[in-house]
Amino acid sequence: MLLRGVLLAMQALQLASALDLPAGSCAFEENTCGFDSAFAFQPWILNEEGHYIYVDTSFAKQGEKAVLLSSDLQAEEWSCLRLVYQITTSPGSSDTSRLNLYVRFEDESFDRLLWSAKEPSDSWLIASLDLQNSSKIFKILIEGVLGQGNTASIALFEIKVTTGYCIECDFEENHLCGFVNHWNPNVNWFVGGGNIRNSPSILPQDHTFKSELGHYMYVDSVYVKHFQEVAQLISPMTTAPMSGCLSFYYQLQQGNDNSFSLYTRDGAGLYEEIWKMDQPGNAAWNLAEVEFSAPYPMEVIFEVAFNGPKGGYVALDDISFSPVHCQNQTKLPFSAVEASCNFEEDLCNFYQDKEGPGWTRVKVKPNMYRTGDHTSGIGYYLLANTKFTSQPGYIGRLYGPSLPGNLQYCLCFYYAIYGFLKMSDTLAVYIFEENHVVQEKIWSVLESPRGVWMQAEITFKKPMPSKVVFMSLCKSFWDCGLVALDDITIELGSCSSPERLPPAPGECTFEQDECAFTQERRDRSSWYRRRGETPTSYTGPKGDHTTGVGYYMYIEASHMVYGQKAQLLSWPLRGVARKQCLTFFYHMYGAGTGLLSVYLKREGESEESLLWRRRGEQSISWLRGLIEYSCERQHQVIFEAIRGPSVRSDIAIDDVKFQAGPCTEMEDLTQQSSGYSEDLNEIEF
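Residue positions are counted from 1 within each chain, in the order its sequence is given. Given that this is a predicted model, residues contribute local features only at a pLDDT of at least 70 and side-chain atom pairs are listed and counted only at 80 or more, while totals for whole chains, interfaces and linings are drawn from all residues. With hydrogens and water set aside, each side-chain value is computed from the structure's full complement of heavy atoms.

Moving on, we come to the pairing of strand β41 (residues 651–660). Across the 10 residues that make up β41, a large majority, 7, are buried. Both strand β32 (residues 507–508) and β41 contribute to a ladder of 2 bridges, which runs antiparallel. Across the sheet, residue Cys-508 finds its bridge partner in β41, namely Val-656. Being paired, for any two strands, means DSSP has found at least two bridges between them. Strands are runs of DSSP state E lasting at least 2 residues, helices are runs of H or I lasting at least 4, and numbering of each runs from the N terminus. In this sheet, β41 lies alongside strand β36 (residues 576–588) in antiparallel orientation, the contact comprising 8 bridges. When the sheet's bridge partners are listed, Met-588 is paired in β41 with Ile-651. Throughout, exposure labels follow a simple rule: accessible area from a 1.4 Å probe, protein chains only, divided by the maximum for the residue type, with under 20% read as buried, over 50% as exposed, and the rest as partly exposed.

Next comes the structure, spelled out in structure tokens:
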């Protein structure tokens, strides 16, 4: 099924001989180099003539998987994994095959998806994936899922793991480190050096070897036909956060009319110029050093623009990256930790006007009348216009830390509104530009469910250093209420970027579906996925925990009888020797609330082990559950809800997360509630 022409190309493309490939690498010439097919799935087939392994629909059905697993690996230094692959599909088929690459750490019960592709092609493609340095032992897991049609196939030609960053390149290998030229009819980046003599210009020797044996990239103006012809050389997309100094060597003919620039481009297509050649430099190779920060997936683009056919050439070689700042650079990197706060300990780096405290840090014991904080349901949050400050015309301002200019930020926070006849502008967010003493409103409340923690996300960018300011306004004595604020985070990048990192593996918010959770039966007494309030009054949540308007899982007590139970089973989790931490949020509000339990079911055992349990009404808030457990064999975690004595017995869960290692916090068992204590509506200041 695979094109024979691809084989010829791959013979010239082999990155190294099978004898000296680094650990975790394979050219599939004679064997699979320690990579093994998982027995529970379809096998990967080694081509008889070598050069690749494959899986296709000649021996496997649509939707079947083939899983390839490496031996134990360790990346104590930052490494780059390059995968050469091809996906082919049947003509007219809408269901294409998919290739997924996971990292499996020895101390985690789930696999981390690092990369996925489903684009069919007529020839091989290259994926470049950054592996962050870690002392943990891990395996690489490659999963091929076959699509529809008789000619669907997936092939792997080469896997190579090398020390260094994927955006680094000396252009000595035929694969060019995954860099690609954006094709232009007239001007393009070409490989120079070696035996290549396809340019009428007199080109230099390379910088790496300083001889005719080495290679570099160049773009020549000799074929330019229009004003401002542009050639772009595009790096692989980064797949892990990095920040430091990007350096490269360049050479160009002096006095020629050309422009050489360096840009970054994120997944949303947003360009930002980070370097431009001001002085032509000398005729030899010139070193350029650029501050480079990629907190989210990003490409680097080397762009040359010519104004005519006499613009000469520009050559590029030896791109490298260091995680330390460039010389003469003292700019402190942006810290998302310092710009965020959950108010559990204090105000972090936030502060208020000197005129007096408008925002008060408070906590509420679990109760049936007032919502607790968003972080855990029993912690601290900020409350504006409390009984000590309530007054007509009251304004409370909360200032965030200073943010460096000319960067794009995503501000996320949770708020809840109580009272207020008219809700508009009761809470607003301003940007305060320090150098110009200018405030600009970038967000305000329009309408919101009362007493529900709502998520807000705002993307902004300012050229000068600035601060985020939260402002609460009480317009008149007759229209005054309370505004709550919690869990503020500020990160680099756009809130809506398609390349923003996906939810961590082992995490489920139920926003898209039920993830990999299953139920043995589905009927009126099952767990339901729902958004908004539940149908029965005085029981169940008003909104989900994730955003306030999203989805959660719950049991509808009016569909069940007293004592009837519903079970929600996790996907099979791999057994590990070390401790694991399970966190989730639960909602148990209603006078007739029954029982919520969490069980551990080990493979091969019929009995389930009880890990956690709550009985009866707990709070009108979402409360956080923390469970620390260990299991060395494959297992499942089961959430079991049992209906109480009345229809006011809806039980809900949300934001389930499995994490490797022990829990960093332990649940405060003294906060358990039966829901009827007289002092449970008390606010602590």
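Structure's up, so let's keep going.
All right, on to the state of the cysteines then. Sulfur atoms of two cysteines make up a disulfide when they are within 2.5 Å. In the structure shown here, the tally under the stated rule is 8 disulfides. Between the sulfur atoms of Cys-80 and its disulfide partner Cys-166 the distance amounts to 2.1 Å. Around the S-S axis, the bridge from Cys-80 to Cys-166 shows a dihedral of about 105 degrees and counts as right-handed. Pair noted here: Cys-80 is in strand β6 (residues 79–88) and Cys-166 is in the loop between β11 (153–163) and β12 (180–182), with a separation of 86 residues, a long-range link.

This part is about the packing of aromatic side chains. Pairing of aromatic side chains requires ring centres within 6.5 Å, counting the rings of Phe and Tyr and the six-membered ring of Trp. Pairs whose planes differ by under 30 degrees are stacked, by over 60 edge-to-face, and all others tilted. As enumerated under the stated definition, the model contains 39 aromatic pairs in all. Where Phe-248 meets Trp-275, the ring centres are 5.2 Å apart and the plane angle is 90 degrees; that geometry is what we call edge-to-face. One end of the pair, Phe-248, is in strand β16 (residues 242–252); the other, Trp-275, is in strand β18 (residues 271–276), with 27 residues separating them in the sequence. Accessibility expressed as a relative area gives 0% for Phe-248, which makes it buried. By relative accessible area, which is 15% here, Trp-275 ends up buried. On the numbers, 5.2 Å between centres and 90 degrees between planes, the contact of Phe-413 with Trp-443 is edge-to-face. Residue Phe-413 is found in strand β26 (residues 407–419), and its partner Trp-443 is found in strand β28 (residues 438–444); the two are separated by 30 residues along the sequence. In this structure, Phe-413 and Trp-443 share a single accessibility class: buried. Whether a charge sits over a ring comes down to the Lys NZ or Arg CZ being within 6 Å of the ring centre and within 35 degrees of the ring normal. Across from the ring centre of Phe-105, 5.4 Å away, lies the NZ or CZ of Lys-136, which sits over that ring. For the cation-ring pair, Arg-361 lies above Tyr-380, with the distance from its terminal atom to the ring centre recorded as 3.9 Å.

So, about the side chain of Lys-462. Its place among the elements puts Lys-462 in strand β29 (residues 454–462). Residue classification places Lys-462 among the buried positions, given a relative accessible area of 16%. Residues are treated as being in contact if the distance between any of their heavy atoms lies within 4.5 Å. Setting aside anything within four residues of it in sequence, one finds Lys-462 in contact with Gly-405, Asn-406, Leu-407, Ile-431, Glu-433 and Glu-440.

Taken together, 5 strands build an open sheet; the order of strands is β2-β3-β11-β6-β9 and the sheet is antiparallel. Looking at the sheet topology across the chains shown, the edges are occupied by β2 (45–46) and β9 (125–131). With 7 bridges joining them, β6 and β9 adopt antiparallel strand pairing. Paired with Ser-79 across the bridge in β9 is Leu-131.

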